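# Notes for the structure review
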Amino acid sequence: MVLPIYAVLSKMDESLLEAAADLGCPRWKSFWLVTLPLALPGLFAGALICFIPIVGEFVIPDLLGDSRTQMIGQTLWTEFFGNRDWPVASALAIVLLCVLLVPIMIVQRLQNDAFGMRR
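Residues numbered from 1 in each chain as written. Predicted model: local features only at pLDDT ≥ 70, side-chain atom pairs only at ≥ 80, totals over all residues. Heavy atoms only, no water.

Further remarks concern the overall build of the protein chain. Across its full length, the protein chain carries six helices and zero strands. When its helices and strands are written in sequence order, the protein chain yields α-α-α-α-α-α. Residue pairs in contact within the protein chain that sit at least 24 positions apart in sequence constitute 43% of those at least 6 positions apart. (Helix = DSSP H or I, 4+ residues; strand = E, 2+ residues; numbered from the N terminus. Contact = heavy atoms within 4.5 Å.)

Written out as structure tokens, the structure reads:
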């Protein structure tokens, strides 16, 4: 999560913060109105970079001990290989795919709009 945010913030023009301060904007408000909107692409990218691997994890809870916490990866594994209930497992996999594709498509659209690349 840190690397995409750092990449976005390192490219930010500091004169924008100086201009906000010259216009009488408090530091918290300049963060809220200037820095945060400019950092949103990095926040979205970092969230996706963290979210996609986390969704598929099913080994880590078993390795760390107690696997009472249900995760989607464990549920899919159990339905496919433990219960051999392929219709339920397939439906869960499609739901997982949709949950992953929607944020990716939103970020892609935001990036295309930011760079002026419309279809």
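A separate point is the packing of helix α5 (residues 72-82) against helix α6 (residues 86-114). If you want to describe how two helices pack, look at the angle between their axes and the distance between the axes. Direction vectors running N to C along α5 and α6 enclose 155 degrees, while the axes themselves pass 8 Å from each other. Taken together, the axis directions place α5 and α6 in an arrangement best described as roughly antiparallel. In this structure, α5 crosses over α6, and the sense of that crossing is left-handed. Within the contact between the two elements, α5 uses Ile 72, Thr 75, Leu 76, Glu 79 and Phe 80 and α6 uses Trp 86, Val 88, Ala 89, Ser 90, Leu 92, Ala 93 and Leu 96. A class-by-class count of the residues in the contact of α5 with α6 yields nine nonpolar, two polar and one charged. (Axes fitted to C-alpha atoms, helices over the stretch in contact; angles between N-to-C directions. Parallel < 35°, antiparallel > 145°, perpendicular 65-115°, else oblique. Left-handed = near helix turned anticlockwise from the far one by under 90°. Nonpolar A, V, L, I, M, F, W, Y, C, P; charged D, E, K, R; others polar.)

With that out of the way, let us pick up a nonpolar patch on the surface. On the surface, Phe 51, Ile 52, Ile 94, Val 95, Leu 97, Val 99, Leu 101, Ile 104 and Met 105 cluster together into a nonpolar patch covering about 750 Å² of accessible area. Among the secondary structure elements, those contributing two or more residues to the nonpolar patch are α3 (27-56) and α6. Considering each element in turn, the nonpolar patch owes the most residues, seven residues, to α6. (Patch = residues over 30% accessible without salt bridge, like charges linked within 9 Å, V, L, I, M, F, W, Y side chains within 5 Å. Areas by Shrake-Rupley, 256 points an atom, 1.4 Å probe, with all protein chains shown as cover. Salt bridge = Lys/Arg side-chain N within 4 Å of Asp/Glu carboxyl O.)

Take the side chain of Glu 79 next. Relative to the helices and strands, Glu 79 is located in helix α5. Although Glu 79 lies buried, it forms no salt bridge, and the closest oppositely charged side chain, Arg 84, sits 11 Å away as judged by the N-O distance. Each residue touching Glu 79, except ones within four places of it in the same chain, is listed here: Arg 84, Asp 85, Val 88, Ala 89 and Leu 92. (Buried < 20%, exposed > 50% of the residue type's maximum accessible area, 1.4 Å probe, protein only. Lys, Arg positive; Asp, Glu negative; His and termini not counted.)

A cluster of like negative charges, contributed by Asp 13, Glu 14, Glu 18 and Asp 22, occupies part of the molecular surface. Its place among the elements puts Asp 22 in helix α2 (residues 15-22). (Charge placed at Lys NZ, Arg CZ, Asp CG, Glu CD.)

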